[in-house]
Amino acid sequence: MLGKTRLALAGLISLSLAMGARGVVSKLRVGTCLEGYAPMVITGADGSFYGLEVDQWSQIYRQLVARVARENDDILRDLVGDTPPPLVGIRGLSTPEAGLRALQEESLDIAFCGYYLTPERVSIADPTPPLLSSGYTMVTNAKVTPPTDMQLMANTFPKFPPNAMFAFLLLILLSFVYAHGIWLLESSKNSKISVTYGWGIFDGFYMAMTAASTSGYGDLVPQSFFGKILTGTWILTGFYCMCMIAASLTTGIVADKLDSPLVPTVTKPEDMIGLRVGTYFSAAQRTIDIIEPRVGRLIQYSSVQWAYSSLARGDIDVILDDFMNAKYFASKQPYGGKFVLGGDPFMPTDYGFYFIRPNATTHSLYPHLYRAVLDYSRGELTEVRKLHMGKWVTYDSQFSLSAEKNRIIERTLHAANNKMIAVLISVLFVAVVTTFFSMREERAKDKENKMLLNA
């Protein structure tokens, strides 16, 4: 009998371990928008979901499982499980009202799709702590202004970079070393090098500079065997230093200095007055009516792609967008490098998830979910949160603009070259005409002098 009992217990333990190995799928009903709301939620071609909030939910769920596992509450453990529940895609859930309605009707336990945390919504469902902060921003076309002729000329005289300064100082130092060596070797044999120390060193320094620059005037040349050996060695060394200086000064001499950060033309809400302003979410109109009613009616688009395509075509001047969404679309293809964000975000707000409030009472799981979100956003998982943010929300105003800048600089240089050619031709023409008339006057004087001599 005892053996059978032990066998039964061993079977139950094995069954429990097997069930634990399979994992218990969570019974939480988690819903998001079927149509997606990039970068928060993006719907794949196979119907799967990915995006910033999807990654956040996956990490928060792990924290939730760990917290509930420490509680002696089988009901919560059974509800949470240890395997993430499948995300339920619901069409129309991209509007917060639809998500809150699903929570009120208790068809969902958790809803997220880029929802702002507002006092009105908090009165309907329980919010998580803020997962990220955002606000409104203005998006305009990125334009690179061609430099003026004066800017182009000024940029050909760059600041002395440290590596060029190092090469220059090295050249001067070694030139003095060579000057002393050539003076010792040549002063007694070469009549063109002064035997006096000061003037002799000056002559040697002059030889060093002409040799390093490959000028080779020939007025001062070594005559002794060892002087020629020293000069040959110096030519290679000095030429190397001169090349270092030239390379440091001329690398990207125009392009680098003109590659300054883009300065947006629209940085404040009042800058949008008189411009064609578009948006793709209805809340933007209410916001602009509050902060700057003189902007007037916004052009409403049915999708974010339509709005950004219109901006790229020039149908509108500005898009009033959420700061996080704008950072995402301004850095992704096909829009990457075409747009620039204007100024700091205004009307700050926060994103978060909403949790069911059954019968207008706080769910027993809500405190654990709240702490799990705090672990993610402020606690030990802040580095993971930064990785998620860097993965989905990155923005660089200089992104992929280098080709356009190079084209603009090339066109500007062509125009400047044509102007200089015109000036040189004009100067040459004046010189030729002046020379012609001068020669005529000289011939006339010569003829007059000959006539006087003959007379």
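Calculation rules
Residues numbered from 1 in each chain as written. Predicted model: local features only at pLDDT ≥ 70, side-chain atom pairs only at ≥ 80, totals over all residues. Heavy atoms only, no water. Pairing = 2+ DSSP bridges. Helix = DSSP H or I, 4+ residues; strand = E, 2+ residues; numbered from the N terminus. Axes fitted to C-alpha atoms, helices over the stretch in contact; angles between N-to-C directions. Parallel < 35°, antiparallel > 145°, perpendicular 65-115°, else oblique. Left-handed = near helix turned anticlockwise from the far one by under 90°. Contact = heavy atoms within 4.5 Å. Nonpolar A, V, L, I, M, F, W, Y, C, P; charged D, E, K, R; others polar. Phe/Tyr/Trp six-rings, centres within 6.5 Å; stacked < 30°, edge-to-face > 60°. Buried < 20%, exposed > 50% of the residue type's maximum accessible area, 1.4 Å probe, protein only. Lys, Arg positive; Asp, Glu negative; His and termini not counted. Salt bridge = Lys/Arg side-chain N within 4 Å of Asp/Glu carboxyl O. Polar contact = N/O pair within 3.5 Å; in protein donor to acceptor, adjacent residues only side chain to side chain. pLDDT = per-residue confidence, 0-100. Arc of directions from axis to C-beta. Core = buried A, V, L, I, M, F, W, Y, C linked by side-chain atoms within 4.5 Å. Disulfide = S-S within 2.5 Å.

Novice: An account of the sheet that holds strand β5 (residues 110–111) is needed here, citing residue identities and associated values.
Specialist: Pairing is mixed in the open sheet, where 5 strands are placed in the order β4-β1-β5-β12-β6. Strands with a single pairing partner mark the edges of an open sheet, and in this sheet they are β4 (87–90) and β6 (126–127). Where β6 lies against strand β12 (residues 354–355), 2 bridges are found, and the strand directions are antiparallel. Bridge pairing in β12 links Asp126 to Phe355.

Novice: Explain the packing of helix α2 (residues 52–69) against helix α15 (residues 382–392) residue by residue, including any values.
Specialist: Running from N to C, α2 and α15 point in directions that differ by 160 degrees, and their axes come no closer than 9 Å. Taken together, the axis directions place α2 and α15 in an arrangement best described as roughly antiparallel. For the pair α2 and α15, the crossing hand works out as right-handed. On the side of α2, the interface is formed by Leu52, Asp55, Gln56 and Gln59, while α15 contributes Val384, His388, Met389, Lys391 and Trp392. Grouping the amino acids of the contact of α2 with α15 by side-chain chemistry returns 4 nonpolar, 3 polar and 2 charged.

Novice: Can you lay out the packing of aromatic side chains for me, pointing to particular residues and giving the numbers?
Specialist: A complete count under the given rule lists 21 aromatic pairs for this structure. Here Tyr136 and Phe281 contribute two aromatic rings whose centre-to-centre distance is 5.8 Å and whose plane-to-plane angle is 20 degrees, an arrangement assigned as stacked. With Tyr136 in strand β7 (residues 132–141) and Phe281 in the loop between β8 (277–279) and α11 (283–291), this residue pair connects regions lying 145 residues apart in the sequence. Neither residue differs from the other here; Tyr136 and Phe281 are each classed as buried. Members of the aromatic cluster, each reached through a chain of ring pairs, are Trp57, Tyr61, Phe112 and Phe353.

Novice: Report on the sheet that holds strand β10 (residues 318–322), specifying residues and quantitative values.
Specialist: Pairing within the open sheet is mixed, and its 5 strands lie in the order β9-β8-β10-β7-β11. Edge positions in the sheet fall to β9 (299–300) and β11 (339–351), since each has one partner strand and no second. Bridge count between β7 and β11: 8 bridges; the pairing is antiparallel. Pairing of Thr140 across the sheet is with Val340, part of β11. Packed on one face of the sheet, helix α13 (residues 323–331) meets β7, β10 and β11 and runs near 50 degrees to β7.

Novice: Lay out the side chain of Asp203 in plain terms, naming residues and giving numbers.
Specialist: Tracing the backbone through its elements, the reader meets Asp203 in helix α8 (residues 197–212). The side chain of Asp203 is buried and forms no salt bridge, while Lys192, the nearest opposite charge, is found at 11 Å. In terms of polar contacts, Asp203 uses its side chain to reach the backbone amide nitrogen of Ser194, at 3.0 Å. Once residues within four sequence positions are removed from consideration, Asp203 is found in contact with Lys192, Ile193, Ser194 and Leu220.

Novice: Could you give me a rundown of the confidence of the model for the protein, with the residues and numbers involved?
Specialist: When pLDDT is averaged along the protein, the result is 82; 84% of the residues meet or exceed 70. Overall, residues 1–22 carries pLDDT values under 50, and its contacts beyond four positions in sequence, including any with other chains, amount to 2 contacts. This stretch, residues 254–261, has a pLDDT under 50; its non-local contacts, to residues over four places away or in other chains, come to 17 contacts.

Novice: I'd like a description of the pattern of salt bridges, backed by residues and values.
Specialist: Applying the stated criterion across every chain yields a total of 10 salt bridges. Put simply, Lys391 and Asp55 hold a salt bridge, and the shortest N to O gap is 3.3 Å. Taken together, the residues span a long stretch of sequence, with Lys391 in helix α15 and Asp55 in helix α2 at a distance of 336 residues.

Novice: Give a detailed account of α11, specifying residues and quantitative values.
Specialist: Of all the positions in α11, only Ala284, Gln285, Thr287 and Ile288 are classed as buried. An end-on view of α11 places all buried positions within 160 degrees of arc, on one side of the element. Exposed positions of α11 whose direction lies more than 90 degrees from the buried face are Arg286 and Ile290. Where α11 is buried, its residues touch β7, β8, β10 and β11.

Novice: Describe the packing of helix α7 (residues 162–186) against α8, naming the residues involved and giving the relevant values.
Specialist: Close contact between α7 and α8 brings their axes to 8 Å; oriented N to C, the two are set at 125 degrees. Overall, the two elements α7 and α8 adopt an arrangement that is oblique. Note on packing geometry: the crossing formed by α7 with α8 is right-handed. Along its contact with α7, which presents Leu171, Ile172, Ser175, Phe176, Tyr178, Ala179, His180, Ile182 and Trp183, the element α8 presents Tyr197, Gly200, Ile201, Gly204, Phe205, Met207, Ala208, Met209 and Ala212.

Novice: Got a sec to walk through the side chain of Thr140? Specific residues and values, please.
Specialist: Inspection of the secondary structure puts Thr140 in strand β7. Relative accessible area serves as the criterion here: at 5%, Thr140 is assigned to the buried category.

Novice: Can you lay out the nonpolar core for me, pointing to particular residues and giving the numbers?
Specialist: Side chains of nonpolar character tend, in soluble globular proteins, to be buried together. In terms of nonpolar packing, the biggest core is built from 81 residues, with Trp57, Ile110, Met272, Tyr308, Leu320 and Leu365 touching the most fellow members. With 8 residues, α2 is the largest single contributor of residues to this core. In this structure Leu320 touches Tyr136, Thr137, Met138, Met272, Val277, Gly278, Thr279, Phe281, Ala284, Ile288, Leu298 and Phe346, once residues within four positions along its chain are discounted.

Novice: Break down the state of the cysteines for me, citing the residues and quoting the values.
Specialist: In total, this model carries 1 disulfide according to the counting rule given. Between Cys241, a cysteine without a disulfide, and Cys243, which holds the nearest cysteine sulfur, the sulfur-to-sulfur distance is 9.3 Å. Under the relative-accessibility criterion, Cys241 is labelled buried at 1%.

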